[in-house]
Amino acid sequence: MYIIFLGAPGAGKGTQAANMARKLNLVHIASGDLFRQALEQGTELGIKAKSYMERGVLVPSQITIDMVLEHISAPDGEGGAVLDGFPRNLEQAEALEKALAQQGKAIDKVVYIKVSKEELLKRLSGRWICRQCQTPYHAPDSPPRVWGKCDKCGGELYQRPDDTEESVRKRLEVYSAETAPLIDYYGRVGKLVEIDGEGSEAEVDRRITAALGGER
Ligand code: AMP
């Protein structure tokens with residue numbers, strides 16, 4: 001089973017995709033997390049991606065496609081995956097479709113998490129993320145129990161360097177211009193499931209689970 005999570009930066013894709021991957025026992029492949037890991041490790045991929053990420057624009061598609069397809073074809077991705085942050089434009093969507101078709105596979109569902117622009121800006125401006133397990137927190141709406149430490153794993157919390165006002169504005173622009181057309185693209189082939197992304201994490205989780213036909 002292959003499920004894509006689609007939505008603007010701050011829509012809650014990462015949290016919900018991780019929850020759903022756990023429930024469905026699928027691997028969670030988050031392209032942004034893979035780039036951040038590469039950056040922290042100082043690999044060639046990380047060095048290539050750095051300047052694009054800092055500016056809030058997309059890393060060139062071929063670099064991204066190669067990175068994600070490598071994870072999809074790895075043994076733990078073979079049984080299916082939850083894709084988060086990929087595809088981000090038509091070129092990536094077509095490359096993914098082709099690569100899966102070559103293995104006799106296809107995308108099953110695309111979960112589009114819809115959140116208003118005001119809510120996105122509010123969420124991104126107070127966002128703190130665990131460096132170890134990527135769990136997001138929000139000051140002041142959903143702070144950790146101990147300031148600076150993750151409730152789940154004790155990891156250190158940090159603010160993403162691309163969550164600055166300027167970078168957020170750019171990321172939202174890029175989303176509207178390049179990624180939002182995928183909503184129509186997947187809608188036309190009957191794979192799109194639209195979810196109201198406002199409300200608590202548990203509420204959104206329930207909506208997604210119901211829309212995907214309950215827990216398997
Ligand atoms: P994210 O964590 O998904 O918000 O991604 C952070 C940054 O990584 C983005 O602003 C892009 O620079 C880059 N990135 C993540 N996924 C992709 C993708 N599918 N295509 C191109 N760039 C990406």
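Residues numbered from 1 in each chain as written. Predicted model: local features only at pLDDT ≥ 70, side-chain atom pairs only at ≥ 80, totals over all residues. Heavy atoms only, no water.

(A) Region of the structure containing the layout of surface pockets. By volume, the second largest pocket amounts to about 310 Å³. Around the second largest pocket, the lining is made up of 14 residues, and of these Arg36, Leu39, Glu40, Tyr158 and Pro161 lie nearest the centre. Counting only elements with at least two residues in the lining of the second largest pocket, the list comes to α2 (31–41) and α3 (44–55). For the lining of the second largest pocket, the element with the highest residue contribution is α2, accounting for five residues. Here the residues of the lining of the second largest pocket sort into four nonpolar, two polar and eight charged. (1 Å grid on protein atoms, 1.4 Å probe; cavity = no way out; pocket = protein on both sides within 12 Å on 5 of 7 lines; lining within 4 Å. Points joined across faces, edges and corners; volume = space filled by probe spheres on them. Helix = DSSP H or I, 4+ residues; strand = E, 2+ residues; numbered from the N terminus. Nonpolar A, V, L, I, M, F, W, Y, C, P; charged D, E, K, R; others polar.)

(B) How the structure looks around the side chain of Ser61. Relative to the elements of secondary structure, Ser61 occurs in helix α4 (residues 61–73). Separated by 3.1 Å, the side chains of Ser61 and Asn89 make a polar contact. Leave out the neighbours within four places in its chain, and Ser61 touches Asn89, Glu91 and Gln92. (Polar contact = N/O pair within 3.5 Å; in protein donor to acceptor, adjacent residues only side chain to side chain. Contact = heavy atoms within 4.5 Å.)

(C) Here's a closer look at the pattern of salt bridges. Overall, the coordinates contain 16 salt bridges when judged by the stated rule. When the shortest N-O distance is used, the salt bridge between Arg36 and Asp33 registers 2.8 Å. Note that Arg36 and Asp33 are positioned in helix α2 at a spacing of three residues, about one turn of the helix. Judged on exposure class, the residue Arg36 and its partner Asp33 are both buried. With a closest N to O distance of 3.1 Å, Glu156 and Arg131 form a salt bridge. Of this pair, Glu156 sits in the loop between β6 (136–138) and β7 (157–158) while Arg131 is found in the loop between β5 (127–130) and β6, placing the two residues 25 residues apart along the sequence. The network of salt bridges with common partners includes Arg127, Arg160, Asp162, Asp163 and Arg171. (Salt bridge = Lys/Arg side-chain N within 4 Å of Asp/Glu carboxyl O. Buried < 20%, exposed > 50% of the residue type's maximum accessible area, 1.4 Å probe, protein only.)

(D) Fine view of the side chain of Asn19. You can see Asn19 is positioned in helix α1 (residues 13–24). Look at Asn19 and you get buried, because its relative accessible area is 10%. Setting aside anything within four residues of it in sequence, one finds Asn19 in contact with Glu201 and Asp205.

(E) Spatial organisation of the sheet that holds strand β1 (residues 2–6). If you trace the five strands from one edge of the open sheet to the other, you get β2-β3-β1-β4-β8, paired in parallel fashion. Both outer strands of the open sheet, β2 (27–30) and β8 (192–196), are each paired with one neighbouring strand and no more. Here the average twist between neighbouring strands, direction ignored, is 20°. Where β1 meets strand β3 (residues 81–84), four bridges bridge the pair, whose relative direction is parallel. Along β3, the bridge assignment pairs Phe5 with Asp84. Of the strands in this sheet, β2 and β3 are in contact with α2, which crosses β2 at around 70°. (Pairing = 2+ DSSP bridges. Axes fitted to C-alpha atoms, helices over the stretch in contact; angles between N-to-C directions.)

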